[in-house]
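# Survey of secondary and tertiary structure
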Amino acid sequence: MLTLAAEDVYALAPYAKTLGVQFDEITADGVRATLAHDHSLSTVGGGLHGGALMGLADVSAAVCAALNGPDGAAPATVESTTHFLRPAHTDVVATARPLRVGRNTVIEVDVHDSHGGLCARVTQMVTAVKARTS
């Protein structure tokens, strides 16, 4: 079974580090990642921009899918649906978990603020593709 550490994710997907994603837990059963509230990631009203929330969710889902996929394959998001439920004015935590594992793995990600409020729910379909070597 594939194992990943945060540094592995940053090497494979540098955007995760650029965005500021910190990984608290990385397992096949679930990925837990945190994004600190930063003014540079905010929008009107001071809440985190939806793109930042979606980026956090996408990275978390991809890592979760990779851990559930075939060895040597890379995750590629083929579909994503985001429901924004409330603004995030604090740090946020994303929890990704597999709903269905297969050729196309379905991952659900909940993004909560530091008060426990559900800010976004994201469902992604992630497929496994042959990893590129550059």
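Summarised in this report is the structure supplied together with it. (Residues numbered from 1 in each chain as written. Predicted model: local features only at pLDDT ≥ 70, side-chain atom pairs only at ≥ 80, totals over all residues. Heavy atoms only, no water.)

### With respect to the sheet that holds strand 2 (residues 30-35)
Convention followed: A pair of strands counts as paired when DSSP detects no fewer than two bridges linking them. Helix and strand assignments follow DSSP, with helices taken as H or I runs no shorter than four residues and strands as E runs no shorter than two, numbered in order from the N terminus. Axis definition: a line fit to C-alpha positions, over the contact stretch in the case of helices; interaxial angles, taken between N-to-C directions, run 0 to 180 degrees.
Spatial strand order, 1-2-4-5-6-3: six strands in an open sheet with antiparallel pairing. Every other strand in the sheet has two partners, leaving strand 1 (21-27) and strand 3 (73-84) as the edge strands with one partner each. Direction aside, neighbouring strands of the sheet carry axes that sit 20 degrees apart on average.

### Quick word on the pairing of strand 6 (residues 118-130)
Examined bridge by bridge, strand 3 and strand 6 share eleven bridges and lie antiparallel to one another. From the neighbouring strand, S80 faces strand 6, where its bridge partner is Q124. Direction of pairing for strand 5 (residues 104-113) relative to strand 6: antiparallel, over a ladder of nine bridges. Across the sheet, residue N104 finds its bridge partner in strand 6, namely T127. Where strand 5 folds back on strand 6, the antiparallel hairpin that results is connected by four residues, among which G116 adopts a positive phi of roughly 90 degrees.

### Digging into the nonpolar core
Operational definition: Nonpolar cores are built from buried Ala, Val, Leu, Ile, Met, Phe, Trp, Tyr and Cys residues. Side-chain atoms within 4.5 Å join them into one set. Burial status follows relative accessibility: with a 1.4 Å probe on protein chains alone, a residue under 20% of its type maximum counts as buried, one over 50% as exposed, and anything between as partly exposed. Every residue pair with non-hydrogen atoms within 4.5 Å of one another is taken to be in contact.
In this structure, F23, L56, V63, V92, V109 and V111 are the most contacted members of the largest nonpolar core, which totals 34 residues. The dominant element in this core, judged by the number of residues it contributes, is helix 3 (residues 50-68), at ten residues. Discounting residues that sit within four places of it in the chain, F23 has contacts with A6, V9, Y10, V31, R32, A33, V59 and V63.

No statement about biological role is implied by the geometric values presented.
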